[in-house]
Amino acid sequence: MTLPQSMSETENPPIDAAESGARQPVVLQVLPALVTGGVERGTVEVAQALGEAGWKAVVASSGGPMVRELIRAGAVHVEMPLASKNPLVMRANVKRLEKVIREHGVDIVHARSRAPAWSAHAAANRTGAHFITTFHGTYNLGGFGFKHWYNSVMVKGERVIAISEFIAEHARRIYGLAAERIRVIHRGVDLTKFDPNRVSQERIIQLANRWRLPDGYPVIMLPGRLTRWKGQRVLIEALALLGRHDVRCLLVGSDQGRSGYRQELVDLIKRRDLTHVVHIVDECNDMPAAYMLTDVVVSASTDPEAFGRVVVEAQAMGRPVIATDHGGPRESILAGRTGWLANPDDPRSLADAIARFLDLSAEERQRVADLGQAFVRANFTKEAMCAKTLAVYREILSGAPVVAQQDWLIDPEQA
């Protein structure tokens with residue numbers, strides 16, 4: 001890394017010194033907050049992996065409940081108002097991040113969200129630190145070109161991590177990102193948590209009682225916050241077309257204040273005579289047990305999912321999945337083998353997929369479950385995600401030539 005004239009080598013030694021054993025590299029991850037979600041979970045997991053590798057992990061955010069996990073992982077947390085999109089605050093965050101980079105001898109700044117990325121990019125430029133990003137979503141383009149410019153900071157990294165091939169193609173097509181700078185690293189699930197053998201009967205029974213689930217009914221679950229694009233209406237209409245009252249459906253997720261949309265769903269359930277079939281339950285704090293209560297998991301998103309963590313978690317728990325045929329699930333499902341893909345915003349297509357699942361024999365369901373678990377273990381683990389991320393860090397520090405790479409998924413039946 002090239003040091004600016006205002007810095008001495010003792011303040012931030014060159015990378016070759018770090019690699020030669022004089023000290024271990026330091027990575028600063030930057031995100032808005034540590035509240036909940038896939039971005040936050042990935043940040044904590046990578047910080048833990050950095051510590052296990054003997055590196056120093058620093059995270060800057062506006063704080064949140066997950067800070068405790070971060071500290072337990074041995075990382076340093078620096079609190080600053082990185083969730084703000086106020087231009088004056090973002091400008092002040094440049095100086096705050098510059099101070100963190102210098103004090104901790106940061107070698108790589110890894111930005112995971114747009115507003116913090118603008119501050120982090122400027123701070124990295126001022127200090128000579130390497131700058132990389134993770135492109136987590138498609139982001140709204142808006143009008144008049146402003147949003148395109150605002151989003152474009154996510155392709156300014158020396159390397160840009162895309163969380164799926166779908167996102168990589170989006171970054172190439174919309175933002176002109178060169179293929180050689182992209183590293184596709186699919187998200188990973190924690191198999192110590194999402195493991196059927198680790199979920200006790202007591203946890204399952206407790207959840208079934210709380211949700212008042214009767215015995216003997218196949219259970220269909222759509223996990224996800226109650227927001228229109230997650231497709232709860234599509235699933236309700238699909239169940240109405242299916243015309244079966246011998247199933248139970250759970251819509252699991254908080255409305256996050258969207259009481260109007262929640263009432264829309266309640267009204268639609270009544271109009272379709274599905275009051276005894278479809279139940280809206282609040283956000284669940286024991287998703288492994290919820291998956292174990294379920295026979296098939298549905299992701300009916302009308303807009304493409306950047307990755308679709310629910311799809312992978314369900315397969316890890318041995319549950320077949322039905323997802324919309326666009327976005328990340330095209331990569332995380334072996335269509336027709338570990339799950340099914342339905343046409344976007346198409347209740348009839350979704351109803352047909354549910355019917356195909358309900359017609360499976362017990363032996364066929366077991367084969368689907370076994371292959372789904374093997375597929376996740378081969379491709380979508382937390383350990384694989386962290387190892388690939390650290391490999392990108394090492395690539396940056398080594399000064400290796402920038403060349404295009406491909407992240408091939410493994411088909412367990414062909415491996």
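In case you missed it, the structure is sitting above this.
Residues numbered from 1 in each chain as written. Predicted model: local features only at pLDDT ≥ 70, side-chain atom pairs only at ≥ 80, totals over all residues. Heavy atoms only, no water.

## Here we look at the packing of helix α12 (residues 309-316) against helix α15 (residues 362-379)
For any two helices packed against each other, the geometry is given by the interaxial angle and the distance between the axes.
Stage number 1. As a packed pair, α12 and α15 sit with axes 7 Å apart at the nearest point and diverge in direction by 120°. Judged by the angle between their axes, α12 and α15 are oblique. Like other packed secondary-structure pairs, α12 and α15 cross with a definite hand, here left-handed. When α12 is examined against α15, the residues Val-312, Gln-315 and Ala-316 are found in contact with a partner set consisting of Gly-372, Gln-373, Phe-375 and Val-376.
Stage number 2. Class assignment for the residues of the contact of α12 with α15 results in four nonpolar, three polar and no charged. (Axes fitted to C-alpha atoms, helices over the stretch in contact; angles between N-to-C directions. Helix = DSSP H or I, 4+ residues; strand = E, 2+ residues; numbered from the N terminus. Parallel < 35°, antiparallel > 145°, perpendicular 65-115°, else oblique. Left-handed = near helix turned anticlockwise from the far one by under 90°. Contact = heavy atoms within 4.5 Å. Nonpolar A, V, L, I, M, F, W, Y, C, P; charged D, E, K, R; others polar.)

## As for the pattern of salt bridges
Stage number 1. Here the structure, examined in full by the defined rule, presents 21 salt bridges.
Stage number 2. With a shortest N-O distance of 2.9 Å, Asp-246 and Arg-244 are connected by a salt bridge.
Stage number 3. Asp-352 is the partner of Arg-348 in a salt bridge, and the nearest nitrogen-oxygen pair spans 3.6 Å. With Arg-348 and Asp-352 both in helix α14 (residues 347-358) and four residues apart, the pair spans about one turn of that helix.
Stage number 4. Note on Asp-352: relative accessible area 34%, which makes it partly exposed.
Stage number 5. Among the charged side chains, a salt-bridge network with shared partners connects Glu-98, Arg-102 and Arg-126. (Salt bridge = Lys/Arg side-chain N within 4 Å of Asp/Glu carboxyl O. Buried < 20%, exposed > 50% of the residue type's maximum accessible area, 1.4 Å probe, protein only.)

## Looking at the sheet that holds strand β6 (residues 160-162)
Stage number 1. With respect to topology, seven strands assemble into an open sheet ordered β3-β2-β1-β4-β5-β6-β7, the strand pairing being parallel. Each having just a single partner strand, β3 (76-79) and β7 (182-184) make up the two edges of the open sheet. Across the sheet, the mean angle from the axis of one strand to that of its neighbour is 20°, orientation sign disregarded.
Stage number 2. Here β6 pairs with β7 via three bridges, running parallel. Residue pairing for β7: Val-160 is matched across the bridge by Ile-182.
Stage number 3. Helix α5 (residues 114-127) contacts β1 (26-30), β4 (108-111) and β5 (130-135) of the sheet and is inclined by roughly 160° relative to β5. (Pairing = 2+ DSSP bridges.)

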